[in-house]
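Tertiary structure, described
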Amino acid sequence: MLKKCLSCRKEYTISSTHAQYKKMTQNPSALFICDYCSSNMQKDAQASTGLKS
Ligand SMILES: [Zn+2]
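Residues numbered from 1 in each chain as written. Predicted model: local features only at pLDDT ≥ 70, side-chain atom pairs only at ≥ 80, totals over all residues. Heavy atoms only, no water.

Brief notes about the environment of Asp-35
The topology assignment puts Asp-35 in helix α2 (residues 35–49). Those residues in contact with Asp-35 that lie beyond four places of it in its chain are His-18 and Gln-20. (Helix = DSSP H or I, 4+ residues; strand = E, 2+ residues; numbered from the N terminus. Contact = heavy atoms within 4.5 Å.)

And the structure:
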């Protein structure tokens with residue numbers, strides 16, 4: 001299936017091997033954020049809270 005990333009607006013094909021595939025099939029309206037943006041967001045969250053991993 002094709003999902004558009006909420007953050008970068010690029011479209012990604014979610015295959016059955018994708019980590020979020022099961023979630024997307026169970027809840028097709030679930031918000032999708034690509035791996036690239038989600039890792040960026042984690043970095044931002046760590047930076048804003050001052051936590052270091
Ligand atoms: Zn993205």
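Examining the coordination of the zinc ion
Every protein donor of the zinc ion is accounted for by Cys-5 (SG), Cys-8 (SG), Cys-34 (SG) and Cys-37 (SG), and the metal-donor separations fall at 2.3 Å. One can describe the donor arrangement at the zinc ion as tetrahedral, given that its four donor atoms subtend angles of 102 to 121° at the metal. The exposure class of Cys-5 is buried, given its relative accessible area of 0%. Overall, the relative accessible area of 6% leaves Cys-37 in the buried class. (Donors = N, O, S within 2.8 Å, 3.2 Å for Na, K, Ca; no water. Tetrahedral: all angles 85-135°; square planar, octahedral: opposite > 155°, others 65-115°. Buried < 20%, exposed > 50% of the residue type's maximum accessible area, 1.4 Å probe, protein only.)

Considerations on the packing of aromatic side chains
A complete count under the given rule lists one aromatic pair for this structure. With centroids separated by 6.1 Å and ring planes inclined at 55°, the aromatic side chains of Tyr-12 and Phe-32 adopt a geometry described as tilted. In this pair, Tyr-12 is assigned in strand β2 (residues 11–13) and Phe-32 in the loop between α1 (21–26) and α2, connecting sequence segments 20 residues apart. A residue is classified by how much of its surface remains accessible, and Phe-32, at 2% relative accessible area, is buried. (Phe/Tyr/Trp six-rings, centres within 6.5 Å; stacked < 30°, edge-to-face > 60°.)

Some thoughts on the environment of Leu-6
In this fold, Leu-6 is placed in the loop between β1 (2–4) and β2. Sequence separation between Leu-6 and Cys-37 is 31 residues, and the spatial gap between their C-alpha atoms is 8.9 Å. Other than its neighbours up to four places away in sequence, Leu-6 contacts Leu-31, Phe-32 and Ile-33.

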